[in-house]
Amino acid sequence: MCKYVTASISRGNGSSMTASTTINKGDRLLHQNVLGSRRFSNYCWATIVTLGASGFLLAGISSYLKVNLLIVSDPTQLVFVPQGLVMGLYGTAGLLLATYLWLVILWDVGGGYNEFNQETGTIKIFRWGFPGKNRRIEIDGRIEDVQSVRIAVKEGLNPLRALYLRIKGRRDIPLTRVGQPLSLTELETEGAKLARFLGVSLEGL
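Residues numbered from 1 in each chain as written. Predicted model: local features only at pLDDT ≥ 70, side-chain atom pairs only at ≥ 80, totals over all residues. Heavy atoms only, no water.

- Per an unreviewed UniProt entry, the recorded name for the protein chain is Photosystem I assembly protein Ycf4, and the organism is Nostoc commune NIES-4072.
- Of the protein chain, the UniProt comment under Function (unreviewed entry) reads exactly: "Seems to be required for the assembly of the photosystem I complex."
- Of the protein chain, the UniProt comment under Sequence similarities (unreviewed entry) reads exactly: "Belongs to the Ycf4 family." (UniProt positions renumbered as here; feature names shortened; annotations may be inferred.)

Next up, the structure:
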């Protein structure tokens, strides 16, 4: 019998991280899906930057060729140097940024899962990275080596609210998406649930 628990955490800027938790096999396996770069907010930003940059680049080209390539305005009246040239440079830079954003979404950077298996006594943390030797980031461990689940909270301009797994002989392993603070209530709930499942203490409260 399987039980599914889905939690959605949001920030003020509209971005969100959805962690889908599955507990099955007699409550002996806990699987948490971690949403990476394929978030609605990232799709929105990539689309906006692409459209804006394309407009600037077409305006610069129209100014140079004296042929209107836009529908909403007539950039042929602009002097190519410096106005058209500057707009073309802005457009080129914007398209480079848009390309980066779309590639990050395509590669699903930061996406992955956390899996805790009491049947085999193992832990597996998996994340997708950038293409290269670190494309697949995998961390394996033993449940018996887990010392605690730690809650990290830091307020300010760069707030931090995240869960970490403290394993003997290793650095603390982040379980939540880096750079995406969770609500305190959700942080405590998820931390307590995981600590209870692993049979360890919850630190940082």
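**A short note on the side chain of Ser 37**
Consideration 1: Along the chain, the position of Ser 37 falls in the loop between β3 (29–34) and α1 (40–65).
Consideration 2: A relative accessible area of 2% places Ser 37 in the buried class.
Consideration 3: With residues near it in sequence (within four places) discarded, Ser 37 still touches Asn 42, Val 104, Ile 105, Asp 108, Val 109 and Arg 177. (Helix = DSSP H or I, 4+ residues; strand = E, 2+ residues; numbered from the N terminus. Buried < 20%, exposed > 50% of the residue type's maximum accessible area, 1.4 Å probe, protein only. Contact = heavy atoms within 4.5 Å.)

**Looking at the packing of aromatic side chains**
Consideration 1: For the coordinates displayed, the defined rule picks out 7 aromatic pairs.
Consideration 2: Ring geometry for Phe 126 against Trp 128: centres 5.0 Å apart, planes inclined by 85 degrees, an arrangement best described as edge-to-face.
Consideration 3: Overall, Phe 126 belongs to the buried group, its relative accessible area being 5%.
Consideration 4: Classification of Trp 128 as partly exposed rests on a relative accessible area of 26%.
Consideration 5: Put simply, the rings of Tyr 100, Trp 107 and Phe 130 touch in pairs and so form one group of aromatic residues.
Consideration 6: Arg 150 extends its terminal NZ or CZ atom over the ring of Tyr 164, reaching a point 4.6 Å from the ring centre. (Phe/Tyr/Trp six-rings, centres within 6.5 Å; stacked < 30°, edge-to-face > 60°. Lys NZ or Arg CZ within 6 Å of the ring centre and 35° of its normal.)

**Details of the side chain of Asn 117**
Consideration 1: Its location among the elements puts Asn 117 in strand β4 (residues 112–117).
Consideration 2: For Asn 117, a relative accessible area of 12% translates into the label buried.
Consideration 3: Within the structure, Asn 117 has its side chain in polar contact with the backbone nitrogen of Glu 119 (distance 2.8 Å).
Consideration 4: Dropping the residues within four chain positions of it, Asn 117 is found in contact with Arg 28, Leu 29, Thr 122 and Ile 143. (Polar contact = N/O pair within 3.5 Å; in protein donor to acceptor, adjacent residues only side chain to side chain.)

**Looking at the pattern of salt bridges**
Consideration 1: Counted under the stated rule, the structure contains 8 salt bridges.
Consideration 2: For Arg 28, the salt bridge identified is with Glu 119, shortest N-O distance 3.7 Å. Of this pair, Arg 28 sits in the loop between β2 (16–24) and β3 while Glu 119 sits in the loop between β4 and β5 (122–128), placing them 91 residues apart in sequence.
Consideration 3: The closest approach of N and O atoms between Lys 124 and Glu 138, which form a salt bridge, is 3.1 Å. (Salt bridge = Lys/Arg side-chain N within 4 Å of Asp/Glu carboxyl O.)

**A word on a nonpolar patch on the surface**
Consideration 1: A cluster of nonpolar side chains, Leu 58, Ile 61, Tyr 64, Leu 65, Val 67 and Leu 69, forms an exposed patch at the surface whose accessible area comes to about 520 Å².
Consideration 2: A relative accessible area of 38% places Leu 69 in the partly exposed class. (Patch = residues over 30% accessible without salt bridge, like charges linked within 9 Å, V, L, I, M, F, W, Y side chains within 5 Å. Areas by Shrake-Rupley, 256 points an atom, 1.4 Å probe, with all protein chains shown as cover.)

**Observations concerning the sheet that holds strand β8 (residues 160–167)**
Consideration 1: Taken in spatial order, the 4 strands make up an open sheet running β9-β8-β7-β10, and their pairing is mixed. Since the sheet does not close on itself, it has two edges, and those belong to β9 (173–174) and β10 (201–203), each with one partner.
Consideration 2: As paired strands, β8 and β9 are joined by 2 bridges and run antiparallel to one another. Bridging across to β9, Tyr 164 finds its partner in Pro 174. (Pairing = 2+ DSSP bridges.)

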